[in-house]
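Chain residues, written in single-letter form:
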Amino acid sequence: MKVQAKPLTEITQLATHILCKEMGVTDTIRFINQFTTGSGDYTKEREQLFDDLSLEDIVSEIKKARHK
C-alpha cells in the first residue's frame, strides 16, 4: 500500500484548524510561538535603543511604568 504524502502547507493548515477548534485561537498562537524563531540582532538593537541611558535611568523608567 502506497500512501501519498500531503504538502506541508496542507498539513499545517489542517493542524492549525484543529488546534483552534479544540484549544481556541489564543492558546493555539501561544503553542505555535514556542516553535518559531525570532529575527534580527537583539544585541545591536539593544545597544542602539539604550545607548544614551545609564542603568539608573533604565531602572527609574521601569519604576515609573510600574506605578502607572
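None of the values given here were measured: they were computed from a predicted structure.

(A) Summary view of the pattern of salt bridges. Here the structure, examined in full by the defined rule, presents 2 salt bridges. Between D27 and R30 there is a salt bridge, with the nearest N and O atoms lying 3.8 Å from each other. Within this pair, D27 and its partner R30 are both found in helix α2 (residues 25–33), separated by 3 residues, close to a single helical turn. D27 sits in the partly exposed class, given a relative accessible area of 38%. Looking at R30, the relative accessible area reads 60%, which means it is exposed. E61 is paired through a salt bridge with K64; the nearest N and O atoms lie 3.6 Å apart. A residue pair is termed a helical-turn pair when its members lie 3 or 4 positions apart in one helix, as E61 and K64 do in helix α4 (residues 55–67) at 3 residues.

Here is what the cut-offs are and how they apply
Residues numbered from 1 in each chain as written. Predicted model: local features only at pLDDT ≥ 70, side-chain atom pairs only at ≥ 80, totals over all residues. Heavy atoms only, no water. Salt bridge = Lys/Arg side-chain N within 4 Å of Asp/Glu carboxyl O. Helix = DSSP H or I, 4+ residues; strand = E, 2+ residues; numbered from the N terminus. Buried < 20%, exposed > 50% of the residue type's maximum accessible area, 1.4 Å probe, protein only.

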